[in-house]
Amino acid sequence: MIVLKPKLSPEVAEALASGGAVVALESTIITHGMPYPANLETALSVETVVRENGAAPATIAVIEGELRVGLERRELGELAQAEGVVKASGRDLAVAMVKKQSAGVTVSATMLLADLAGIDVFATGGVGGVHRGAEQTFDISADLTELGRTKTTVVCAGVKSILDIAKTLEYLETQRVPVIAYGADDFPAFFTRKSGHKADHRLDTPEEIAAAMRLHHALGSGAGILIANPIPEAAALAPEFIDGTIADAVREAAERGVGRKELTPFLLARIDELSKGESLKANIALVRNNAELAAKIAVAYAALKKAGK
Ligand code: PSU
Ligand code: MN
């Protein structure tokens, strides 16, 4: 059997070779999650935040059929503006390679490729989850099953209430994924710091999280870990405002019969439009905040690995 090795950028290759800290970053947020030029500005500023906190950023994508870990600025710019780029979850990667397509990779595909490259920590905005009405549609993101089987630690701001948060937490429990809120008791709801649902665990420092990662992997679980980092207070949106906007977007999607892989991008774009850019501002703030935490965790984890602890 062949084992694929994604192509690493020089910065990522060097960091991995020396046992340094690396943070994986996804690209569906660039291709399908934010409008241009905010998507490009965010992608670049998130990479800067990772570097400022002592880690190498590894934005992951498929470029003309090639699996890539760490992109050049020019490539980020092209991905951010390209029309008709594929949204690839893990199951779509092989076909994108055969067809020599470029693709933004979702959380599930990013975890898979990060793991192939030997990267332990990954920062994103929100992960996919169990959609509202899943009891009828069966719409459950492959991000959740990937978390159950790939040992990447994913730092997110919780999940948006475009999803059924209670069912998403139930599903993560079934998949044996530890859900750890950072410095909080509540599982956060992306735009707001609280969802009304308790996270399973709370840890208050990157060092504690790194230690938990080491032990989780030493137990041979094989599953990932979900770190839920609440949006910074100053950037959080008022729940009444954003909940109403989300409800409108969800209703519209149902009326128009939007489903499958188009549903999440449709909802994100409509929420951006309906909130007149307020949601985008919050989204950018929380992604940067997650990148900072992920870098600190990656630094602490790399130190434990080096010490053999
Ligand atoms: N949620 C967000 N922003 C995003 C996504 C989800 O707030 O950009 C993207 C991520 O790439 C995630 C994907 O992995 O959508 C999930 O898509 P789906 O629901 O089709 O599995
Ligand atoms: Mn889906």
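Here the structure is shown first, and the text comes after it.
1. Some points on the overall build of the protein chain
Turning to step 1, where the next piece is worked out: Looking only at helices and strands, the protein chain has 13 helices and 11 strands in total.
Turning to step 2, where the next piece is worked out: Its C-alpha atoms give the protein chain a radius of gyration of 18 Å, near enough to 19 Å, the size a compact globule of 309 residues would have.
Turning to step 3, where the next piece is worked out: For the protein chain, the spread of C-alpha atoms along the three principal axes comes to 50 × 45 × 35 Å.
Turning to step 4, where the next piece is worked out: Here the protein chain holds 309 residues, and 54% of them are scored as buried.
Turning to step 5, where the next piece is worked out: Looking at the protein chain alone, contacts between residues at least 24 apart form 75% of all its contacts between residues at least 6 apart.
Turning to step 6, where the next piece is worked out: Surface summary for the protein chain: the accessible area is close to 13700 Å², and the carbon and sulfur share equals 54%.
Turning to step 7, where the next piece is worked out: Here the protein chain contributes 33 positively and 39 negatively charged side chains, and the mean placements of these two sets differ by 3 Å.

2. Quick look at unusual backbone geometry
Excluding glycine, residues mostly carry a negative phi; peptide bonds, for their part, are mostly trans.
Turning to step 1, where the next piece is worked out: Here the bond from Tyr 36 into Pro 37 is cis, since omega is 5°, no more than 30 degrees from zero.
Turning to step 2, where the next piece is worked out: Positive phi is not limited to glycine here, since Phe 190 has a value of about 65°.
Turning to step 3, where the next piece is worked out: Residue position: Phe 190 is located in the loop between strand 9 (179-182) and strand 10 (201-203).
Turning to step 4, where the next piece is worked out: Even without glycine at this site, Arg 260 takes up a positive phi of about 50°.
Turning to step 5, where the next piece is worked out: Mapped onto the secondary structure, Arg 260 falls in the loop between helix 11 (239-256) and helix 12 (263-274).
Turning to step 6, where the next piece is worked out: For Arg 260, a relative accessible area of 70% gives the class exposed.

3. Brief notes about helix 4 (residues 73-81)
Turning to step 1, where the next piece is worked out: Among all positions in helix 4, only Glu 75, Leu 76, Gly 77, Leu 79 and Ala 80 are buried.
Turning to step 2, where the next piece is worked out: Check the buried side of helix 4 and you find it contacts helix 2 (28-33), helix 3 (38-52), strand 3 (56-63) and strand 4 (66-69).

4. Regarding the packing of aromatic side chains
Turning to step 1, where the next piece is worked out: Counted by the stated rule, this structure contains 1 aromatic pair.
Turning to step 2, where the next piece is worked out: An angle of 85° between the planes, with centres 4.8 Å apart, marks the rings of Phe 190 and Phe 191 as edge-to-face.
Turning to step 3, where the next piece is worked out: Overall, the relative accessible area of 2% leaves Phe 190 in the buried class.
Turning to step 4, where the next piece is worked out: Above the ring of Phe 190, the side-chain terminus of Lys 160 is found at 3.6 Å from the ring centroid.

5. What about the pattern of salt bridges?
Turning to step 1, where the next piece is worked out: This model, assessed by the stated rule, comprises 23 salt bridges.
Turning to step 2, where the next piece is worked out: Residues Glu 75 and Arg 68 are paired through a salt bridge, measuring 2.9 Å at the closest nitrogen-oxygen approach. Per residue, the accessibility class of Glu 75 equals that of Arg 68, and both read buried.
Turning to step 3, where the next piece is worked out: One salt bridge connects Lys 261 with Asp 92, and the closest N-O pair in it is separated by 3.7 Å.

6. Notes on the environment of Ala 117
Turning to step 1, where the next piece is worked out: By the element assignment, Ala 117 lies in helix 6 (residues 107-117).
Turning to step 2, where the next piece is worked out: Contacts of Ala 117, omitting those with residues within four sequence positions, involve Pro 6, Leu 8, Leu 16 and Val 69.

7. Some details on the site of ligand 1
Turning to step 1, where the next piece is worked out: Glu 26, Ser 141, Asp 143, Lys 160 and Thr 264 are the nearest of the 15 residues found near ligand 1.
Turning to step 2, where the next piece is worked out: Within the side chain of Ser 141, a nitrogen or oxygen atom sits 2.7 Å from an oxygen atom of ligand 1.
Turning to step 3, where the next piece is worked out: Secondary structure elements with two or more residues in the shell around ligand 1: helix 2 and helix 12.
Turning to step 4, where the next piece is worked out: Here the shell around ligand 1 gets 3 residues from one element, more than from any other, and that element is helix 2.

Rules and cut-offs
- Residues numbered from 1 in each chain as written.
- Chains lettered and ligands numbered in written order.
- Predicted model: local features only at pLDDT ≥ 70, side-chain atom pairs only at ≥ 80, totals over all residues.
- Heavy atoms only, no water.
- Helix = DSSP H or I, 4+ residues; strand = E, 2+ residues; numbered from the N terminus.
- Rg over C-alpha atoms; globule rule 2.2 N^0.38 Å.
- Buried < 20%, exposed > 50% of the residue type's maximum accessible area, 1.4 Å probe, protein only.
- Contact = heavy atoms within 4.5 Å.
- Areas by Shrake-Rupley, 256 points an atom, 1.4 Å probe, with all protein chains shown as cover.
- Lys, Arg positive; Asp, Glu negative; His and termini not counted.
- Charge placed at Lys NZ, Arg CZ, Asp CG, Glu CD.
- Phe/Tyr/Trp six-rings, centres within 6.5 Å; stacked < 30°, edge-to-face > 60°.
- Lys NZ or Arg CZ within 6 Å of the ring centre and 35° of its normal.
- Salt bridge = Lys/Arg side-chain N within 4 Å of Asp/Glu carboxyl O.
- Near = heavy atom within 4 Å.
- Polar contact = N/O pair within 3.5 Å; in protein donor to acceptor, adjacent residues only side chain to side chain.

Such coordinate-based values are descriptive only and should not be taken to indicate function.
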